[in-house]
Amino acid sequence: MLTESDEINEAYIGFSNDMAESMEHVYRHLDAIGAALRHVTQTTESTDDDVAALFGEGAK
């Protein structure tokens, strides 16, 4: 096959489309992980504040 053949071009375009779709899936997955980590951080901070209040830290 020649590098400028239609078969090679079609294979490259198909590969490029598959990679773009895969990267979109990776992006969505990483975005979901980021959202989960933000939620954990917010929950942890809220819990820390609640525990501090139990031990009188908020009464100062």
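Our structure is the block above this text.
Worth saying up front: this structure is predicted, and the values here are computed from it rather than measured. (Residues numbered from 1 in each chain as written. Predicted model: local features only at pLDDT ≥ 70, side-chain atom pairs only at ≥ 80, totals over all residues. Heavy atoms only, no water.)

## A few points about the overall build of the protein
Secondary structure summary: the protein contains one helix and zero strands in total. A compact globule built from 60 residues would reach a C-alpha radius of gyration of about 10 Å, whereas the protein, at 25 Å, exceeds it by more than 25%. Dimensions of the protein, computed from the C-alpha atoms along their principal axes, are close to 80 × 10 × 10 Å. In the protein, which comprises 60 residues, the share counted as buried stands at 2%. Carbon and sulfur atoms make up 61% of the accessible area of the protein, which totals about 5500 Å². (Helix = DSSP H or I, 4+ residues; strand = E, 2+ residues; numbered from the N terminus. Rg over C-alpha atoms; globule rule 2.2 N^0.38 Å. Buried < 20%, exposed > 50% of the residue type's maximum accessible area, 1.4 Å probe, protein only. Areas by Shrake-Rupley, 256 points an atom, 1.4 Å probe, with all protein chains shown as cover.)

## Focus: a nonpolar patch on the surface
Together, M23, V26, L30, I33 and L37 give the surface a local cluster of nonpolar side chains, amounting to about 460 Å² of exposed area. Summarising the element assignment, V26 is placed in helix 1 (residues 6–54). Of the residues examined, V26 reaches a relative accessible area of 40% and is grouped as partly exposed. (Patch = residues over 30% accessible without salt bridge, like charges linked within 9 Å, V, L, I, M, F, W, Y side chains within 5 Å. Salt bridge = Lys/Arg side-chain N within 4 Å of Asp/Glu carboxyl O.)

## Here we look at the environment of N17
As for its position among the elements, N17 is in helix 1. With relative accessibility at 49%, the residue N17 sits in the partly exposed group. Remark: the alpha-carbon pair of N17 and A53, spanning 36 residues in sequence, is separated by 54 Å.

## Considering a negative patch on the surface
Together, E45, D48, D49 and D50 line one region of the surface with negative charge. Following the sequence through the fold, D49 ends up in helix 1. (Lys, Arg positive; Asp, Glu negative; His and termini not counted. Charge placed at Lys NZ, Arg CZ, Asp CG, Glu CD.)

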